[in-house]
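Structure assessment
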Amino acid sequence: MSGDWLSFSPDWRMAVAFVVAMPSLILVLKIISTAQKRPATGWNLFFWLSFLPSVESLRRVQRAGPAEKRGAFARFAIVVATALLAYVACAQIASATGASGIALGWLGAPLFWLMTEVLGSLLQLLTLSSGWLLPLPHGNIFVSRHLADFWGRRWDVWMSDWFRQVIFLPLRRHPVRAMMIVFVISGIIHELVLNLGLWVVTGHNRFGSMMAYFGIQAVGMLVDRWCLAGCPRLRRIFCWLVVVGPAPLIVNEAALRALCFWRE
């Protein structure tokens, strides 16, 4: 082992670019959501001050009693510790194997997931003073039965609520068209938040990788829907092949720099 796992150079510029881009994106999503549906009486201020992009997600908000507050702090401590340990382990593996580029993208995939868990837990803590507990962004992704279950009910339920309200309900008679639009919008959002930030900060052009990743997800959904409906075990395997297989497209240089896990 080379012992230089700490040689990863943090690029705080990308982390800052990500932090700046996210509130702007959430504000735009909130405006679109409230144009279709207003928050219930008494929830307007909370909705605009929270990080929830969709009015529909307010139904997931719970009263934050003492037990819920203790649980939120405990969960935050656990996910932060897990993320730090995972970072060290992945960095050691990367240094020992000389991983870079695509290989680094696969190694960074669990860090990408863990960082979203840390962020979700942090946002919970930031709203506890209001007396309400935000829902976590993810469900238990590891029990996903198929791609639709993963993307629609497990991964980033905040955005799933937004897509359900803004896209799926208006196009409920055209579910395939709605699904395709959702993945196109997902690709555009990730291009703006990550690849655009990378280009602004470093001048490196990685445009198209996010669209490619979500295009693969859309094709995978169609294959799953039309070819694997009667094969539950195969659908689980296929789900993870489609989600993780092309992971370097989304956990690319932009995402890895934001995670401070990039090296040339």
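Our structure's up above, just so we're on the same page.
This structure is a prediction, so every number in the text was calculated from the model and none was measured.

Rules of the game
Residues numbered from 1 in each chain as written. Predicted model: local features only at pLDDT ≥ 70, side-chain atom pairs only at ≥ 80, totals over all residues. Heavy atoms only, no water. Helix = DSSP H or I, 4+ residues; strand = E, 2+ residues; numbered from the N terminus. Rg over C-alpha atoms; globule rule 2.2 N^0.38 Å. Buried < 20%, exposed > 50% of the residue type's maximum accessible area, 1.4 Å probe, protein only. Contact = heavy atoms within 4.5 Å. Patch = residues over 30% accessible without salt bridge, like charges linked within 9 Å, V, L, I, M, F, W, Y side chains within 5 Å. Areas by Shrake-Rupley, 256 points an atom, 1.4 Å probe, with all protein chains shown as cover. Salt bridge = Lys/Arg side-chain N within 4 Å of Asp/Glu carboxyl O. Core = buried A, V, L, I, M, F, W, Y, C linked by side-chain atoms within 4.5 Å. Expected span 1.5 Å × (residues − 1). Phe/Tyr/Trp six-rings, centres within 6.5 Å; stacked < 30°, edge-to-face > 60°. Lys NZ or Arg CZ within 6 Å of the ring centre and 35° of its normal.

Focus: the overall build of the protein chain
Broken down by element type, the protein chain carries 11 helices and two strands. For the protein chain, the sequential pattern of α-helices and β-strands runs α-α-β-α-α-β-α-α-α-α-α-α-α. Over its C-alpha atoms the protein chain spans a radius of gyration of 19 Å, differing by no more than 12% from the 18 Å that the globule rule assigns to 264 residues. Across its three principal axes, the protein chain shows a C-alpha extent of roughly 60 × 45 × 40 Å. Among the 264 residues that make up the protein chain, the fraction classed as buried is 45%. If you take every contact in the protein chain between residues at least 6 apart in sequence, the share linking residues at least 24 apart comes to 67%.

Comments concerning a nonpolar patch on the surface
Together, Val184, Ile188, Leu192, Leu196, Trp199, Val200, Phe207 and Met211 make up an exposed nonpolar region whose accessible area comes to about 720 Å². The element contributing the most residues to the nonpolar patch is helix H7 (residues 175-202), with six residues.

Focus: the nonpolar core
Ranked by size, the top nonpolar core spans 55 residues in total, and within it Leu104, Leu147, Phe150, Trp151, Phe183, Val243 and Phe261 carry the most contacts. No other element matches H7, which puts eight residues into this core. With residues near it in sequence (within four places) discarded, Phe150 still touches Ile141, Ser144, Trp155, Cys239, Trp240 and Val243. The next biggest cluster of nonpolar side chains, apart from the first, holds 11 residues, and it includes Phe47, Leu52, Val55 and Trp158.

What about helix H3 (residues 66-97)?
Helix length check: H3 (32 residues) gives 46 Å between terminal C-alpha atoms against 46 Å at 1.5 Å per residue, within 8%. The set of residues buried in H3 consists of Ala72, Val79, Ala83, Ala86, Cys90, Ala91, Ala94 and Ser95. At its buried positions, H3 is contacted by helix H4 (101-127) and strand E2 (132-133).

Here's the deal with the packing of aromatic side chains
Across all of its chains, the model carries 15 aromatic pairs by this definition. Cation over ring: Lys30 sits above Phe47, and NZ or CZ is 3.9 Å from the ring centre. One cation-aromatic arrangement involves Arg63 over Trp132; the distance from NZ or CZ to the ring centre is 4.0 Å.

Thoughts on the side chain of Asn252
Of note, Asn252 is situated in the loop between helix H10 (247-250) and helix H11 (253-258). Look at Asn252 and you get buried, because its relative accessible area is 8%. Beyond its immediate stretch of four places on either side in the chain, Asn252 contacts Asn195, Arg206, Ser209 and Met210.

So, the environment of Thr127
Here Thr127 lies in helix H4. Judged by its relative accessible area of 9%, Thr127 is buried. Separated by 74 residues in sequence, Thr127 and Pro53 place their C-alpha atoms 15 Å apart. Filtering out sequence-adjacent residues up to four positions away, Thr127 remains in contact with Trp132 and Leu134.

Focus on the pattern of salt bridges
The final tally for this structure, using the stated rule, is 12 salt bridges. Residue Glu56 pairs with Lys37 through a salt bridge whose shortest N-O separation is 2.6 Å. Of this pair, Glu56 sits in the loop between helix H2 (44-49) and strand E1 (62-63) while Lys37 sits in the loop between helix H1 (12-36) and H2, placing them 19 residues apart in sequence. The partner of Asp161 in a salt bridge is Arg59, and the shortest N-O contact between them spans 3.3 Å. Of this pair, Asp161 sits in helix H6 (residues 157-168) while Arg59 sits in the loop between H2 and E1, and the two are 102 residues apart along the sequence. Since its relative accessible area comes to 54%, Arg59 is described here as exposed.

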